[in-house]
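Each chain is listed here by its residues.
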There are 2 protein chains.
Amino acid sequence: MPKVVDHEERRKRLVEAVWALAFRGGIEQVTLRKVADEAGVSMGQVQHYYPSMQALVRDALDRAVQAVNANIENAVRASGDTNPEALLRACLHALVTPAEESLRLMRFGVAALGRAASDPTMARLLAPGDDDLITFTAGLLAEARRERGGEPRGTERIDADICWSLATSLGVDIALDYRSPDSAKALLDHYIEQVLGPERRP
Amino acid sequence: MPKVVDHEERRKRLVEAVWALAFRGGIEQVTLRKVADEAGVSMGQVQHYYPSMQALVRDALDRAVQAVNANIENAVRASGDTNPEALLRACLHALVTPAEESLRLMRFGVAALGRAASDPTMARLLAPGDDDLITFTAGLLAEARRERGGEPRGTERIDADICWSLATSLGVDIALDYRSPDSAKALLDHYIEQVLGPERRP
DNA sequence: CCGGTTACAGTGCGGTCGCATTGTAAACGC
DNA sequence: GCGTTTACAATGCGACCGCACTGTAACCGG
């Protein structure tokens, strides 16, 4: 009975308008009217798909986080490598790539960070990687150490935690133009080298 | 000839009102009227001391950053220790203390981070520690390594960079209630232990 | 005691915002 | 074809915002 349209496509278009606006002028420039203009639709349509401004921004953040996570998984899959160390590097490097799309997402994430400080709902969306991610990364660390001829130290979960903290911090720095992606990657590699310990048997 | 008042005290009062407002409801809740109310003064006074809203928020951020830096220096001075390792820990721990005042400052900093993504002036105020800080920290690292019986590795500046990246990242996590100050401190200590290498001579 | 400067207080204006409301056209079951 | 439901489009409203402007009281060198 209803008019039939692709809702998902509509929402995605609106969310991308939000990203674009926030990328240009900060999240405070995101208003119903501007989102409508940017997406080339009417204000009524925006309201039809999102009951409130908050809901729109929240969904935009949710999708941005999903997209970044997808980038990480793609990096893992694309590396196609079974070498745990290469896999680990691929994961972490995904947060500091110079790719345009990634930059936009990270910058929106940083803009949203500010709101997260006073909006628990957004804070939850931006929360650090979950337990599974830490467990997975810790596993990679343990394997990589073994491959280098060392033995696991039992601190792999802590080390994994540090890995992601460092990587996200560097990602933020890149989004704010405090660092270049290259230098960030170098820093990250230096840390990985250190945390894996020296090669013992070639 | 003019009416004589303590300008510095006035500005400080206004800036603290900005901090308080941003702490409660995010930086977008900071308006001229609310700042005036919070500080218990008239809107005219706010305008008298700051030509625009932007100028007010910028000064608030500037002072917040100065205050955090002062906290770090105080931590160094308070430790009163000549032991380089203890000094290093004191510095870094200053970013993850559970102290109320520090929490407020960090939270305001995070709120401002969002704006920094699109406001270069604010971005500059929030820029990572300058070269002097890195040099100082690298020096501490080198000395601490020597005290442990190891020799400097020539990577002290990179390691110092990682130290501060990690510490600020943990500080942000604390501000957003993603971590407790205690767990952050533990993580930081674990990293320091690792970066200094094992004790060789007791 | 007077003139000039400073330090406010108060008010008003133009603009924008989120959101509610209302109108309308398309799609389909019957 | 008719009624109902969905998917918008358009407009209007009340709230609030930054800022400019105006008035005034305090202070002080002369």
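For the structure itself, look to the data block above.
Nothing here was measured: the structure is a model prediction, and the numbers come from that model.

A.B. asks: Where do I start with the packing of aromatic side chains in this structure?
C.D. replies: For any pair of aromatic rings, the description rests on two quantities: the centre-to-centre distance and the angle between the ring planes. Under the defined criterion, the tally for this structure stands at 1 aromatic pair over all chains. Aromatic pair Y191 of chain A and Y191 of chain B: ring centres 6.0 Å apart, planes at 45°, arrangement tilted. You can see Y191 of chain A sitting in helix α10 (residues 181-196) and its partner Y191 of chain B sitting in helix α10 (residues 181-196), one on each of two chains. Residue class for Y191 of chain A comes out buried when judged on its relative accessible area of 0%. In this structure, R104 of chain B is placed above the aromatic ring of F23 of chain B, and the distance from its NZ or CZ to the ring centre is 4.9 Å.

A.B. asks: Where do I start with the environment of A138 of chain B in this structure?
C.D. replies: Residues and elements named next belong to chain B. Here A138 shows up in helix α8 (residues 131-147). Residue A138 is classed as buried on the basis of its relative accessible area, which comes to 8%. Separated by 19 residues in the primary sequence, A138 and R157 place their C-alpha atoms 5.0 Å from one another.

A.B. asks: Looking at this model, I keep getting lost on empty space enclosed by the protein. Mind explaining?
C.D. replies: Taking a probe equal in size to a water molecule and rolling it over the atoms shows the remaining empty space. Tallying each qualifying case throughout the model produces 4 cavities of 30 Å³ or more. Considered as a void within the structure, the largest cavity measures approximately 110 Å³ in volume. The wall of the largest cavity is formed by G26, I27, E28, A111, G114 and R115 of chain A together with I27, E28, A111, G114 and R115 of chain B. Listed by contribution, the elements that provide at least two residues to the lining of the largest cavity are α6 (100-116) of chain A together with α6 (100-116) of chain B. Here the residues of the lining of the largest cavity sort into 4 nonpolar, 3 polar and 4 charged.

A.B. asks: Could you clarify how one ought to interpret the relation of the copies chain B and chain A in this entry?
C.D. replies: Here two copies of a chain appear, and what relates them is a rotation about an axis with a shift along it. Turning chain B through 180° and shifting it by 0.0 Å along the axis lays it on chain A, with an RMSD of 0.1 Å. Taken together, these values place the two copies in the relation of a two-fold axis. Relative to the rotation axis, the C-alpha of G114 of chain B is the closest in chain B, positioned 2.3 Å from it. When the interface residues of chain B are mapped onto chain A, 100% of them again fall at the interface, so both copies present the same face.

A.B. asks: Would you mind showing me how to read the packing of helix α4 (residues 53-79) of chain A against helix α5 (residues 84-93) of chain A here?
C.D. replies: Two quantities define a packed helix pair, namely the angle between the axes and the distance from one axis to the other. Residues and elements named next belong to chain A. Running from amino to carboxyl end, α4 crosses α5 at an angle of 150°, the nearest separation of the two axes being 8 Å. By the angle between their directions, the pair α4 and α5 is classed as roughly antiparallel. Judged by the twist between their axes, the crossing of α4 over α5 is right-handed. Counting all contacts with α4, which are made through I72, A75, V76 and S79, the residues of α5 involved are L87, A90 and C91. Grouping the amino acids of the contact of α4 with α5 by side-chain chemistry returns 6 nonpolar, 1 polar and no charged.

A.B. asks: Is there a simple way to explain the interface of chain B and chain A in this structure?
C.D. replies: Taken together, the contact pairs 39 residues of chain B with 39 residues of chain A. Summing both partners gives a buried area of about 3,000 Å² for chain B against chain A, and 61% of it is carried by carbon and sulfur. Ranking the residues of chain B by area buried against chain A places Y178, H190 and Q194 of chain B at the top, with a combined share of 18%. Applying the counting rule to chain B against chain A returns 4 salt bridges. Notably, a salt bridge pairs E28 of chain A with R115 of chain B, separated by 3.8 Å at the nearest N-O pair. Connecting chain B to chain A are 18 residue pairs in polar contact (both at pLDDT 80 or more). Elements that contribute at least two residues to the side of chain B that touches chain A include exactly α1 (7-25), α6, α7 (120-125), α9 (156-175) and α10 of chain B. It is α9 of chain B that provides the largest number of residues to the side of chain B that touches chain A, a total of 11 residues. Class assignment of the residues belonging to the side of chain B that touches chain A gives a composition of 19 nonpolar, 10 polar and 10 charged.

A.B. asks: Please explain unusual backbone geometry as it appears in this structure.
C.D. replies: Leaving glycine out, the prevailing phi sign among residues is negative, and the prevailing peptide bond configuration is trans. Residues and elements named next belong to chain A. Within the chain, D177 stands out as a residue other than glycine whose phi angle is a positive 65°. Position of D177 among the secondary structure elements: in the loop between α9 (156-175) and α10. D177 gets classed as exposed once you look at its relative accessible area, which sits at 61%.

Definitions and cut-offs
- Every chain is numbered on its own, with residues counted from 1 as its sequence reads.
- A letter from A marks each chain and a number from 1 marks each ligand, given out in the order of writing.
- Restriction of local features to residues with pLDDT of at least 70 applies here, the model being predicted, together with a cutoff of 80 or more for giving and counting side-chain atom pairs; totals for whole chains, interfaces and linings are based on all residues.
- Only hydrogens and water are set aside when side-chain values are computed; all heavy atoms of the structure are taken into account.
- Geometry of aromatic contacts follows a simple scheme: Phe, Tyr and Trp rings, the Trp one being its six-membered ring, pair when their centres are within 6.5 Å, and the pair is stacked under 30 degrees between planes, edge-to-face over 60, tilted otherwise.
- Note on conventions: DSSP H or I runs of at least 4 residues are helices, E runs of at least 2 residues are strands, and numbering of each starts at the N terminus.
- The cut-offs for exposure are 20% and 50% of the maximum accessible area for each residue type, with area from a 1.4 Å probe on protein chains only; residues under the lower value are buried, those over the upper are exposed, and the others partly exposed.
- In this scheme, Lys NZ or Arg CZ marks a charge over a ring once it lies within 6 Å of the ring centre and within 35 degrees of the ring normal.
- Using a grid of 1 Å spacing that covers the protein atoms alone, one calls a set of points a cavity when a 1.4 Å probe fits there but cannot get out, and a pocket when the set is open and has protein on both sides within 12 Å along at least five of seven lines; lining residues are those with an atom within 4 Å of a point.
- Grid points are joined across faces, edges and corners, and a volume is the space filled by probe spheres set on the points.
- Charged means Asp, Glu, Lys or Arg here, nonpolar means Ala, Val, Leu, Ile, Met, Phe, Trp, Tyr, Cys or Pro, and polar covers whatever is left, Gly included.
- C-alpha atoms of residues with pLDDT of at least 70 in both copies form the basis for the least-squares superposition of the copies.
- By definition, residues are in contact when any of their heavy atoms lie within 4.5 Å.
- Comment: axis = line fitted to C-alpha atoms, over the contacting stretch for helices; angle = value between 0 and 180 degrees taken between N-to-C directions.
- Angle categories are assigned with fixed cut-offs, so that under 35 degrees is roughly parallel, over 145 is roughly antiparallel, 65 to 115 is roughly perpendicular, and the rest are oblique.
- Note on convention: the crossing is left-handed when the near helix lies turned anticlockwise from the far helix by less than a right angle, right-handed when the turn is clockwise.
- A 1.4 Å probe defines the accessible area here, and the buried area is the portion of it lost by two parts on being joined, summed over both.
- Basic side-chain nitrogens of Lys or Arg form a salt bridge, by our definition, when they fall within 4 Å of a carboxyl oxygen of Asp or Glu.
- Definition of a polar contact: a pair of N or O atoms within 3.5 Å, with one able to donate and the other able to accept a hydrogen when the atoms are protein atoms, and with sequence-neighbouring residues admitted only if both atoms are side-chain atoms.

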